[in-house]
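This is what each chain is made of:
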Amino acid sequence: MAQHSPNSNYLRKMISESPVRYGHIAGLTLGLTYIVMLLGAYTSAIGAGLSCPDWPTCYGTWVPFLQPDIIANSPYSALQIFAEWAHRGLAMTAGLFIAGTAVGAWIVYSDDPLVKWSATTALVLLPFQVVLGGLTVTGNLKPIIVTTHLGVATLILLSLLTTVLTAYLRNRRV
């Protein structure tokens, strides 16, 4: 059993008294990541992979819908632009949840290497996924980049699934 510092004991106590459990956050992260993947597939299926032609912004702005001339002058439909823009925004949100899930694993499951390292694996893969997302756009949807982007997303999803299932099967109440 790992020895805990007074600060980590305080964090563990504070987390254990919270109505939101680690498994809830990890499960939400898993679901959110899956939705990002589905939205990415949808974006690709409707031909919207390049509807935001630059990266990380979309037409040089974070919210292209605040500038109607962008939508009016784009060769893509508003739906296509929205799908790509939403995929990026949701991916950023999922990235923050992945970071929180990894940090939480080290606090709540400090003595469980599988929970800690599966969550950490998702976090370590995240920067590669972000770079691949950018290269997908700037590389003009090269098949090898798009396929690798999906492959890394799948590895992140599997890492999070391992985290969630292991935490659930350990039957911890935190």
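What comes next concerns the included structure. What you see is a predicted model; the values in this text were computed from it and never measured.

A few points about the overall build of the chain
Right, so step 1: Helices and strands together make up the secondary structure of the chain, namely six helices and zero strands.
Right, so step 2: Order of helices (α) and strands (β) in the chain, N terminus to C terminus: α-α-α-α-α-α.
Right, so step 3: Within the chain, counting contacts between residues at least 6 apart in sequence, those at least 24 apart form 72% of the total.
Right, so step 4: Approximately 9,800 Å² of the chain is accessible, and the part contributed by carbon and sulfur atoms is 71%.

Some thoughts on the packing of aromatic side chains
Right, so step 1: For the structure shown, the criterion picks out five aromatic pairs.
Right, so step 2: Judged by centre distance (5.4 Å) and plane angle (80°), the ring pair of phenylalanine 65 and tryptophan 85 falls under edge-to-face. Taken together, the residues phenylalanine 65 in the loop between helix 2 (22–45) and helix 3 (68–73) and tryptophan 85 in helix 4 (residues 78–108) connect sequence positions 20 residues apart.
Right, so step 3: A residue is classified by how much of its surface remains accessible, and tryptophan 85, at 26% relative accessible area, is partly exposed.
Right, so step 4: Look at tryptophan 106 and tryptophan 117: their rings are 5.1 Å apart centre to centre, the planes differ by 85°, and that puts the pair in the edge-to-face class. Note that tryptophan 106 is positioned in helix 4 and tryptophan 117 in helix 5 (residues 113–138), a separation of 11 residues in sequence.
Right, so step 5: Judged by relative accessible area, tryptophan 106 falls into the partly exposed class, the value being 37%.

Quick look at helix 6 (residues 143–169)
Right, so step 1: For helix 6, with 27 residues, the first-to-last C-alpha span of 38 Å sits near the 39 Å given by 1.5 Å per residue.
Right, so step 2: Every buried residue belonging to helix 6 is among Ile145, His149, Val152, Ala153, Ile156, Leu157, Ser159, Leu160, Thr163, Val164, Thr166 and Ala167, and all of these are buried.
Right, so step 3: Where helix 6 is buried, its residues meet helix 2, helix 4 and helix 5.

Topic: the packing of helix 2 against helix 4
Right, so step 1: Between helix 2 and helix 4, the least distance of the axes is 8 Å, while the angle of their chain directions is 155°. By the criterion of interaxial angle, the relationship of helix 2 to helix 4 is roughly antiparallel. In the crossing of helix 2 with helix 4, the sense of the turn from one axis to the other is left-handed.
Right, so step 2: Classifying every residue of the contact of helix 2 with helix 4 gives 19 nonpolar, eight polar and one charged.

Side note on a nonpolar patch on the surface
Right, so step 1: A contiguous nonpolar surface patch, about 640 Å² in accessible area, is contributed by Leu155, Leu158, Leu161, Leu165, Tyr168 and Leu169.
Right, so step 2: Mapped onto the elements of the fold, leucine 161 is located in helix 6.

Regarding the pattern of salt bridges
Right, so step 1: Counted under the stated rule, the structure contains two salt bridges.
Right, so step 2: Among the ionic pairs, glutamate 84 bridges to arginine 88, the shortest N-O distance being 2.9 Å. Note that glutamate 84 and arginine 88 are positioned in helix 4 at a spacing of four residues, about one turn of the helix. You'll find glutamate 84 and arginine 88 in the same group, each marked buried.

What counts and what doesn't
- Each chain has its residues counted from 1, running along the sequence as written.
- Selection of residues for local features in this predicted model requires a pLDDT of at least 70, selection of side-chain atom pairs for listing and counting requires 80 or more, and totals for whole chains, interfaces and linings are taken over all residues.
- Only heavy atoms go into the side-chain values, all of them from the structure, while hydrogens and water stay out.
- Where helices and strands are cited, they refer to DSSP runs of H or I of at least four residues and of E of at least two residues respectively, numbered from the N terminus.
- When checking whether two residues touch, look at their non-hydrogen atoms; a contact exists if any pair is within 4.5 Å.
- Each accessible area is a Shrake-Rupley estimate made with a 1.4 Å probe; only the visible protein chains count as cover when residues are assessed.
- Only centres within 6.5 Å qualify two rings of Phe, Tyr or Trp (six-membered ring in Trp) as a pair; their planes then separate them into stacked at under 30 degrees, edge-to-face at over 60, and tilted for everything else.
- Note on exposure labels: buried denotes an accessible area under 20% of the residue type's maximum, exposed denotes more than 50%, and partly exposed covers the range between, all computed with a 1.4 Å probe on protein chains only.
- Here the expected span of a helix is defined as 1.5 Å times the quantity of residues minus one.
- For helices, the fitted line uses only the C-alpha atoms of the stretch in contact; every axis is such a line through C-alpha atoms, and the angle between N-to-C directions lies from 0 to 180 degrees.
- Here the word oblique covers every angle except those under 35 degrees (roughly parallel), over 145 (roughly antiparallel) and from 65 to 115 (roughly perpendicular).
- By convention the crossing between two helices is left-handed if the near helix lies anticlockwise of the far one by an angle smaller than a right angle, and right-handed if it lies clockwise.
- Ten residue types, Ala, Val, Leu, Ile, Met, Phe, Trp, Tyr, Cys and Pro, are classed as nonpolar, four, Asp, Glu, Lys and Arg, as charged, and the remainder, Gly among them, as polar.
- Distance thresholds for patches are 9 Å for like charges and 5 Å for nonpolar side chains (Val, Leu, Ile, Met, Phe, Trp, Tyr), applied to residues having over 30% relative accessible area and no salt bridge.
- The working definition used for a salt bridge is a side-chain nitrogen of Lys or Arg within 4 Å of a carboxyl oxygen of Asp or Glu.

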